[in-house]
Structures are given as structure tokens and as C-alpha cells.
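# Structural description and commentary
What follows is the residue order along each chain.
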Amino acid sequence: MTQVRFHAEGSRASVTPVFDRLDARFGEEGAPVSMVELDEAADRHEVSVYFEDGDEVDADAVHAAFAPLSPAREDLPDIDWMASVLADLKPVRAGRFLVHGAHDRHQVRPHDLAIEIEAGQAFGTGHHETTAGCLEMAGRLIARRRPRRVLDLGTGSAVLAIGVAKLARIAVTATDIDPVAVRVAAANARLNGVHTLVRTSVATGLEGGEIRERAPFDLILANILAGPLMRMAPQMAAVLTPGGDLVLSGILARQRRAVLAAYRGQGIYHRATLWRGDWVTLHLSR
Ligand code: SAH
């Protein structure tokens, strides 16, 4: 079984309706659909749809949804990190990252960006798909443009902050409403050797001196839940640089449009969506 990606390039105006059609036709079935800005000045955008099993794809339906663009087909190596579940503390791959417990240290390969997380701490067990989605999205963004000021809001175990610090070697502000999570986050940052880069503090949403001092951010990661994320949209806009990137998760597929609408109202627009199980991870930018 091989994963396959169909993709096409075009202006924003030409790829947007294709994105909407792919989303309507295949998104519900769980096929990730994404739209990525390749070059803003040249108005080059790329729209893609991913299928788990290349043999089962209805190629005519795919071509119809892409029309008038004609998609290229790419067979992808089988990345089976979805089969792993963080709740059992099996190592999980997301892009270049490997999230693992101490007992799986030996599974780290030379080119992995390993994130070691202590067992049983501050890890929402339902959050593994959203965590993996955020890591993958952050990895893609950082590959294209290195951020300078990063906020990990609702850091929990600090998994996202550690990932970004390891990948980009930059300082990350990591906050959580829960003081226990913040202690765990600090311990995990130390365990991963990035305690000089990951600055942890307790904060509710975007309130608090620490955040105000470090703002504005050009990359904000927030894996919380749709409700609080929608309520926070105005404050989020206030601390995001123009052109800054926002990665949101903890959002169910059916909540996606409502969250996008809340952010659109703040001048923050959709760039890409990753679907993992029932959850979506959104990339937006201002
Ligand atoms: N970032 C981690 C953890 C996500 S779980 C990951 O991606 O796996 C969500 C975290 O957000 C929890 O640790 C919770 O305490 C925190 N949280 C919930 N509401 C918050 C708020 N309003 N402000 C800050 N943190 C919040």
C-alpha cells in the first residue's frame, strides 16, 4: 500500500476553487487536502490531495475536481506513524520528528529530530493526532522560512516547543494555563537539551507579562480546542506579526469552517489544512 499525492500549481484564484472542490469531495472521507503558498510575489500556489492507498483512488473523480488544472501524481513512501499512538508511548513519527519515551531511545535514527517525552505526563491522550499534525506543519513551515520569535501556546509536555527549538535552534516561548504542565514542560526541555531555548511560564491565553514582553511572534503554535481558539482570535491577531504564521489544532473536522471564519474576521487567512483522523491542523497567516 502506498500513499499518493495529486498536486497542481496555479495562481491563488485558480487553486482556491480546486481546493474547495477537493475538500468537499474527498475531505469528508479523510483524505488530507492542502493549499500551500509557494511564492507570494509570483502568485504561485499549490493544491494537493493525499490518499492512503494509491490503488483505490478514483482517478476520474480526482481529475474532475482539479479541472481545469491537470494534476501530477506522486507516489509517496509509506509513512505509518498514524498507526502508533502516543498514549501507549510507542514512538510516533511526524515529518522528520520522532516523539518517543525513554525506553525507545534506541529507535532514534541518525537523521531523526528526536523529542523525548516522559511517560504519563501532561499529554492529552486524545491529542496525539493533533500533536503530530502540528509537528508536521511546523516542520514544513520552518523548512521554507526560519521564524525568529515563536510562541507555543498551551505547551503541555512542551513537545511542540522542543521540536521547534531542535529544528530551528531558536528561542521558543512556551506557556500553559496549568502550572503542573509548565513544570513538566520545563523538565522535558531540560531532558532534551533545549532548556536554554525553551522559556516556560504559566499564562492564561495571551494574557500575562511574559507574552506581552516577547510579542509580536512570527510563528504561533496553539494546540488547544476550537472553542478557546475562536474566542482568542482577536488577541491572537494582536500578537502575530504581519505575514506571521499561525498553526492551530485541537479542532474537529466539522469545526474547521467556524474556526477559519473567526480568524478571517481578524485578517488571518487559511493556507493549508492537514487531516488526521477526526482532527484537523490548520495553517493560517496574517
Ligand atoms: N501542545 C501540546 C499539548 C496540547 S494539550 C501538544 O501539542 O501535544 C492542550 C494544552 O493547552 C493543555 O496543556 C492545557 O492545559 C492548555 N490550555 C488549555 N486552555 C488554555 C488557555 N486558555 N491558555 C493556555 N493554555 C491552555
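Here's what I pulled together on the structure shown here. (Residues numbered from 1 in each chain as written. Predicted model: local features only at pLDDT ≥ 70, side-chain atom pairs only at ≥ 80, totals over all residues. Heavy atoms only, no water.)

### Notes on the sheet that holds strand β8 (residues 150-153)
Within a sheet, neighbouring strands are paired by backbone hydrogen bonds and run either parallel or antiparallel to one another. What counts, and what does not: Should DSSP find at least two bridges between two strands, the strands are taken to pair. Helical segments are the DSSP runs of H or I of at least four residues, strand segments are the runs of E of at least two, and each set is numbered from the N terminus. A fitted line through C-alpha atoms represents every axis, and for helices the fit uses only the stretch in contact; the resulting angles, taken between N-to-C directions, go from 0 to 180 degrees. Whether two residues are in contact is decided by their heavy atoms: any pair within 4.5 Å suffices.
A sheet is described by the order of its strands in space; here 7 strands give the open sequence β10-β9-β8-β11-β12-β14-β13, paired in mixed fashion. This sheet does not close on itself; its edge strands, each paired only once, are β10 (198-202) and β13 (269-276). Each neighbouring strand pair of the sheet contributes to a mean axis angle of 15°, computed without reference to strand direction. Here β8 runs beside strand β9 (residues 172-176); their pairing, made up of 4 bridges, is parallel. From the neighbouring strand, Leu 153 faces β9, where its bridge partner is Thr 175. Contacting β9 and β10, helix α5 (residues 179-191) crosses the sheet at an angle of about 170° to β10.

### Description of the pattern of salt bridges
What counts is decided by this rule: For salt bridges, the criterion is a side-chain nitrogen of Lys or Arg within 4 Å of an Asp or Glu carboxyl oxygen.
On inspection of all chains with the given rule, the structure shows 12 salt bridges. The closest approach of N and O atoms between Arg 256 and Asp 23, which form a salt bridge, is 3.0 Å. Of this pair, Arg 256 sits in helix α9 (residues 256-264) while Asp 23 sits in helix α1 (residues 12-26), and the two are 233 residues apart along the sequence. In this structure, Glu 116 engages Arg 105 in a salt bridge whose closest nitrogen and oxygen atoms are separated by 2.7 Å.

### What about the sheet that holds strand β5 (residues 92-94)?
Here we have 3 strands laid out as an open sheet, ordered β5-β6-β7, and mixed in their pairing. Bordering the open sheet on either side are β5 and β7 (113-116), each of which pairs with just one other strand. Across the sheet, the mean angle separating the axes of adjacent strands is 25° when strand polarity is ignored. Note that β5 and strand β6 (residues 97-100) share 3 bridges and pair antiparallel. Residue pairing in the sheet places Arg 93 in a bridge with Leu 98 of β6.

### Re the site of the ligand
Put simply, the test is: For each residue, the test is whether any non-hydrogen atom lies within 4 Å of the molecule or strand; if one does, the residue is near. N or O atoms closer than or at 3.5 Å make up a polar contact, with two conditions inside protein: a donor-capable atom paired with an acceptor-capable one, and, for residues adjacent in sequence, both atoms drawn from side chains. For every accessible area listed, the method is Shrake-Rupley and the probe measures 1.4 Å; residues are considered covered only by the protein chains on display. Residue classes follow a fixed rule: Ala, Val, Leu, Ile, Met, Phe, Trp, Tyr, Cys and Pro count as nonpolar, while Asp, Glu, Lys and Arg count as charged, and any other residue, Gly among them, counts as polar.
Taken together, 16 residues sit near the ligand, with Thr 131, Gly 154, Asp 176, Gly 205 and Asn 223 positioned nearest. Here an oxygen atom of the ligand sits 2.6 Å away from a polar atom, N or O, in the side chain of Thr 131. A distance of 3.2 Å separates a nitrogen atom of the ligand from a polar atom in the backbone of Ile 177. Protein chains bury 84% of the 580 Å² of accessible surface belonging to the ligand in isolation. Its residues assigned to classes, the shell around the ligand shows 7 nonpolar, 7 polar and 2 charged.

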